[in-house]
Every structure is written in C-alpha cells, then in structure tokens.
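One letter stands for each residue in the lines below.
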Amino acid sequence: MVEDRTLAGRLFGIVNFALLALIAIVMMLPFIHVVAGSFTTSAEMAVKKFVLIPTDWSIDAYKFIFSTNTIFRSMAVSVGITVVGTLFSMLISSMMAYGLARRDLDGRRVFMFLVVFTMLFNGGLIPTFLVVKELGLIDNYAALILPISINAFNLIILKNFFQNIPEGLEESAKIDGCNDFGILFRIVLPLSMPVIATISLFYAVTYWNTYLNAIMYLNESKMWPIQVLLRQIVVLASGLDYSSDLDSAVPPPDQAVKMAVIVVATLPILLVYPFLQKHFAKGALLGSVKG
Amino acid sequence: MQQAIARPEPELRSESRLSRRLVRNKWLYLMILPGLLYFVIFKYLPMYGLIIAFKDYKPFAGINGSEWVGFKHFDRLFTESDFGTILTNTLVLFGLNLVFFFPIPIILSLMLNEVRLTFFKRIFQTVIYLPHFMSWVIIVSIGYVMLTMDGGIINEFIASLGFEKINFLLSPEWFRPTYIIQVIWREAGWGTIIYLAAIAAIDPQLYEAARMDGAGRLRQIWHITLPAIRSVIIVLLILKIGDVLELGFEHVYLLLNSMNRDVAEIIDTYVYTAGLRQGQFSYSTAVGFFKSLVGLVMVMIANRLAKKMGEEGVY
C-alpha cells in the first residue's frame, strides 16, 4: 500500500501506533508482574508493597515449590496428557479430515452434517459425564483425552486445507501404487505443515489447559494435572471460600510462591508459542474463515 | 411381467456401482472410522442421554432403565425461584459480552491494519494473541494474585494512595467487571485473527482509488475496510448470539464463590453443582437441555435474520 504522506495521515499513523503500543504493554503487564513477583524476596515485598522489577532476585519461591514432588508429578501428568493427547488427536483428526476432503467419498455430506451439527447443539455436561462414567473412564487418564479428542472446528480447518491440495498430486501417487493411507502420510501431510503446526498447537494448548474434565473425572489428587494443582495452591490455600471441596495439598504459600507456580504452569506454552506463532500470524488460517 | 423383471435391473446395477465404490474407498472409510466413532460416542450418545431429562435417573438403573416422568423436571425448572436469578445472571453476562467485548476485536483489527511497518504489526499480534493460550485457571490465578486484599498489587496501590482496600474477589458488585475485563484480556487479541484475514483479502486498488478521490485514512476505513468485513462481522455476531448461554463455564466457575454467588451463578455452574455435586442428574440435565435448545433456536433466528438482510449466514 502506498504511504499516505499528508500531515493528517501521518498524525493518524502515530496516534494509532502509540495506542496499540499502549494496549500491548497493558496486556503484558500482568505477566511481567507475575514473573517479576516470583523472583522477589518476601522482605522486599513487605517494604515496597508492590514490585514491578525486583532489586533482589531470589529463587527461594522456586526452591520451595520444588521441595516436594507434588509439582513435578503434576507437571509430568500434564506433559503426558498433552503429548499423548495431541498425537492421538492429530492422528484421528487428520485421517477423518482427509476422508471428508475427498470428493469421491460417498456420504461425505452426511458425515459433514454430523460434524457441524455438534457445533450447534450438544448433549451437555451431565449426559456427557454419564457416558464417560458408563465407559468406566472415571479415575483414568483416558477421560482427559478421549472426550475431547476431536474439535469440530479444528477438523474443518484441516479438511479445508486438504481440499486445496491439487488432486493431480494424489492421482499420480495412486498410479504409483500408493493406497489412501500412503497418500495422506506421504503426500498430503508433508504439504500441510503450516496447518498441522497450527492445529497441533491448538490441541496441545487444550490438553495442557485441561481443568474441568480433570475435576469431573479424576477423584484421586495424585492424578491431578498442573492446572488443578495451580488452582488449589493459588486460591484455596489462601482461605478464600470457594465452591470447590477439594483438599489443599500444600501449606499456605505467600505471593511469590503463588506467582512461581503460575510461572511454572505457563512456561511450557511460552516455550512453544514463539515457534508456532509465526504460522498463524502469517495467516495459515486464511482459507478457514468460512466453513 | 416383463416390466417387473426389467425394473430391478438398473437399481441393481447402480447398487453394485455403489458397493464397488465403497470397496474401492475402503481405506478412506477406515480412515474416517475412528473420528466417526468419536462423534457417535462422545457427541451423539450424550444427545441420546438427554432423555433422562424426562426420566428420574437412578445410577443403578442406568439411562434406559430409569423411570419416565414426563415434564416433571421442566415444571420444576420454571417454578424454581433460583432459576429466574440464574437466567438473569446468564443474560447479563451475555449482554456484557455483546456490548463490551464484541466490538473490541473489530476495532483492534482496524488499528492493526493501519500499522504500516510489518515488523511492528507482527510484534503487536504476537503480544495480543498470547493471553488466549493461557488457561482460565492461569488467567483467574493472575487476577487473583493481583486483586487479593493481602498483598495484591492493585489493592496495595489503592492503599498507597490513601484509599480503603477493595475486596474485589469476594464482593458481588466486582464480579461482573472482573469477568468482562478478563474476557477482554484473554480473547480480544485472538478475536482479531478472523477480521485480519478478511481485511487481507481486500483489493488494494480500492484504497488507491479512494486516495485519488482525496479520502483520508479514517474515511478509507469507514468506506472500504468496514464494508469489506461486514459479512464476517455478521457471521460472528450470529455465532455469538447462538452462544447466548455459552459464556465460558470454566471461567465463571473459577470466579464463583459463596460471596458472589447471587450474581455469578449461571446456568452452566448451576447444572454442574446441582448435577454432579448434589446428584440431581435428571433435573440438571433438563436445565442443560433447555440451554442447548435456546442456543439452537437463537442461532437459527439470527441466521434467518441475516439472510433477510441479504447476508450469507452461517449455513
């Protein structure tokens, strides 16, 4: 686009930029505050009341939270659920999406309707809970994966992307003796890396962030993923009356300890985000605006 | 007689063609099978399970074995005094979402589109998308450590100015502002992605022509960008209206406590408490069913309206 060189145009650009910068900073401040706070000593906190950047850096809070193996165990649970869940979701989602993307599949309209309808109407919390219970998945990690293993929206994004891959490529693979599995795994998926990366991130984040299913389906506190433990430490240990009746596992921590737990629970996402972010910032989802 | 013999033939042939196609695509069907099973088991079986809204569900009798009771639970639903409050709370949060949240991604994407330097645009996007990837537990926890009376930065700041500390977390009047600010913080940036995609599809010549005619940047936004994303705005509005009672159960549940229950209890949290905590499976299923139905009807009405206005709608 050609630059607007009028005075009004420039002024507009500057004001717009300043406003956006302000918004971005305000949105980051809570994160910065929490990270900084987790490294603050109780002494400095007591004197200054609030600290944006600590003068005395201390890792005591982290030493404290890692002094028991509770956090390690929860992190391990969450990592396990996230890795297994994401692989499983990507496998069955991309297989189904590829099938639905193929125009020669009889009944694809019916199957698509079955998928889209679940976006408009659902059985709700209690019937879903009863199904999971009837399947015997209570206190089983599979309950955190199977009931959310396909997201209809993600499935449609994948399907739309696969549909745009030139059919000629698939034809030639077929002539070379590839069956449909071969075409998907050797031709289609390698050509779809941006969308695979994006959807994998979406699934991984969903699994990492699992909270409600965990409190619904897991009664054993030893099985808790990190989100449930985080909730437990930050809110319940402080004596705030809260509707949950789960028992507290850790003695009441101070602000820095709570912040440290928040940082630990956030860290894996922050580590993955920059690598995958470029895909959707570039507009990997462009074609998916309309189903 | 001859006709009777002749008739089945083409049918038979097309059937064999179909079955041949089914055989040829056997791998494809095998590929979609796990996904289909997922939808049947975890989406359609629960829909079937909705019948317990018309039964008295007993865990040992199961979904099929429990006794039919007709509309008993729905009668209770509409006479229960709590239900009015819960419905009001739900609608108020929906209104807040529509008025305070919905326009923000539109404005943000218009602003982002006016940033000429790609480098900075990318940075802004990276920053404002980030909160979307944080769980509600993290968002609410961060809110908690900032707002708490003992040592929260916001209350310490208020105190340092010489004012009285405010009990944000436990007072009913602060629940709604806290809720909507957290929704905006987490989702406003991410909400721009779909508008930015629509804006990216606009023909740059339109802007050049407008500039030739002497239109400034505000007028270009008003006359080109906004009309171009109008249909996306309408589609998202329809979806939002369909989600009228779908307000982020997890978020509200995490903010809910016994002090703010009067304003914070919404249909979802009520279903959860009545169903899973108190074991009123059938009654809470009826409540949930009511919610799902209202959502479906709302999305159909909104879609019809959009089509009347000459828009495409969502289906």
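Residues numbered from 1 in each chain as written. Chains lettered and ligands numbered in written order. Predicted model: local features only at pLDDT ≥ 70, side-chain atom pairs only at ≥ 80, totals over all residues.

A count of helical and extended segments in chain B gives 17 helices and two strands. In summary, chain B has a C-alpha radius of gyration of 27 Å against a globular reference of 20 Å for 315 residues, an excess of more than 25%. When the backbone C-alpha atoms are referred to their principal axes, chain B occupies close to 100 × 65 × 40 Å. Looking at chain B residue by residue over its 315 residues, the buried ones come to 36%. (Helix = DSSP H or I, 4+ residues; strand = E, 2+ residues; numbered from the N terminus. Rg over C-alpha atoms; globule rule 2.2 N^0.38 Å. Buried ≥ 20, exposed ≤ 12 C-beta atoms within 10 Å, placed from the backbone.)

With that out of the way, let us pick up the overall build of chain A. Scanning chain A from N- to C-terminus turns up 14 helices and zero strands. From first element to last, N terminus to C terminus, chain A shows the α and β order α-α-α-α-α-α-α-α-α-α-α-α-α-α. Every one of the 291 residues in chain A was classed for burial, and the buried ones make up 38%. Once local pairs closer than 6 in sequence are excluded, the contacts in chain A between residues at least 24 apart make up 69%. (Contact = placed C-beta atoms within 7 Å.)

Residues and elements named next belong to chain B. Each assigned domain of chain B is listed with its residue range as follows: domain 1 (2-68) and domain 2 (75-308). Just the C-alpha atoms count here: the centres of domain 1 and domain 2 sit 38 Å apart. Listed as interface residues are six residues of domain 1 and, on the opposing side, five residues of domain 2. Among the residues making up the side of domain 1 that touches domain 2, the classes are represented as four nonpolar, no polar and two charged. (Domains from an automatic or database assignment. Nonpolar A, V, L, I, M, F, W, Y, C, P; charged D, E, K, R; others polar.)

All names here are of chain B. In this model, helix H8 (residues 118-129) (12 residues) spans 16 Å end to end at C-alpha, consistent with the 16 Å of a helix rising 1.5 Å per residue. Among all positions in H8, only Phe124, Gln125 and Ile128 are buried. The arc that holds the buried residues of H8, viewed along the axis, is 100 degrees, so those residues lie on one side. (Expected span 1.5 Å × (residues − 1). Arc of directions from axis to C-beta.)

Residue and element names in this part refer to chain A. Unlike most non-glycine residues, aspartate 139 shows phi in positive territory, near 60 degrees. In this fold, aspartate 139 is placed in the loop between helix H6 (125-134) and helix H7 (142-145). For aspartate 139, a count of 11 C-beta atoms within 10 Å translates into the label exposed.

Leu230(A), Ala260(A), Val261(A) and Ile262(A) are the most contacted members of the largest nonpolar core, which totals 113 residues. Per-element tally for this core: the top contributor is helix H4 (residues 70-101) of chain A, with 10 residues. Residues contacting Val261(A), with those up to four places away along its chain left out, are Ile65(A), Leu230(A), Ile233(A) and Val234(A). Counting residues in hydrophobic clusters, the runner-up holds 12 residues, among them Met27(A), Leu112(B), Ala188(B) and Ile194(B). (Core = buried A, V, L, I, M, F, W, Y, C linked by C-beta atoms within 7 Å.)

A few words now on the interface of chain B and chain A. Listed as interface residues are 88 residues of chain B and, on the opposing side, 85 residues of chain A. Looking at which element gives the most residues to the side of chain B that touches chain A, the answer is helix H3 (residues 26-49) of chain B, with 16 residues. Class assignment of the residues belonging to the side of chain B that touches chain A gives a composition of 59 nonpolar, 19 polar and 10 charged.

So, about the domain arrangement of chain A. Residues and elements named next belong to chain A. Taken domain by domain, chain A consists of domain 1 (7-58) and domain 2 (67-288). Across the boundary between the two partners, domain 1 contributes seven residues, which contact seven residues of domain 2. Take the side of domain 1 that touches domain 2: its biggest share by element is four residues, from helix H1 (residues 7-38). Here the residues of the side of domain 1 that touches domain 2 sort into three nonpolar, four polar and no charged.

So, about the UniProt feature "transmembrane region" (unreviewed entry) in chain A. Residue and element names in this part refer to chain A. Those residues carrying the UniProt feature "transmembrane region" (unreviewed entry) are residues 12-36, 75-98, 110-129, 141-162, 183-208 and 256-276 in this numbering. Along residues 141-162, the helical share is 68% and the strand share 0%, with 31 Å between the first and last C-alpha atoms. Note that residues 256-276 is 100% helix and 0% strand, and that its end C-alpha atoms are spaced 30 Å apart. (UniProt positions renumbered as here; feature names shortened; annotations may be inferred.)

Here we come to the packing of helix H13 (residues 226-234) of chain A against helix H9 (residues 136-147) of chain B. Orientation of H13(A) relative to H9(B), taken along the N-to-C sense of each, is 15 degrees, at an axis distance of 10 Å. Comparing their axes, H9(B) and H13(A) come out roughly parallel. Handedness of the crossing formed by H13(A) with H9(B): left-handed. From H13(A), Gln227(A), Leu230(A), Arg231(A) and Val234(A) reach across to H9(B), where they touch Val137(B), Ser141(B), Tyr144(B) and Val145(B). Looking at the contact of H13(A) with H9(B) residue by residue, the class counts come to five nonpolar, two polar and one charged. (Axes fitted to C-alpha atoms, helices over the stretch in contact; angles between N-to-C directions. Parallel < 35°, antiparallel > 145°, perpendicular 65-115°, else oblique. Left-handed = near helix turned anticlockwise from the far one by under 90°.)

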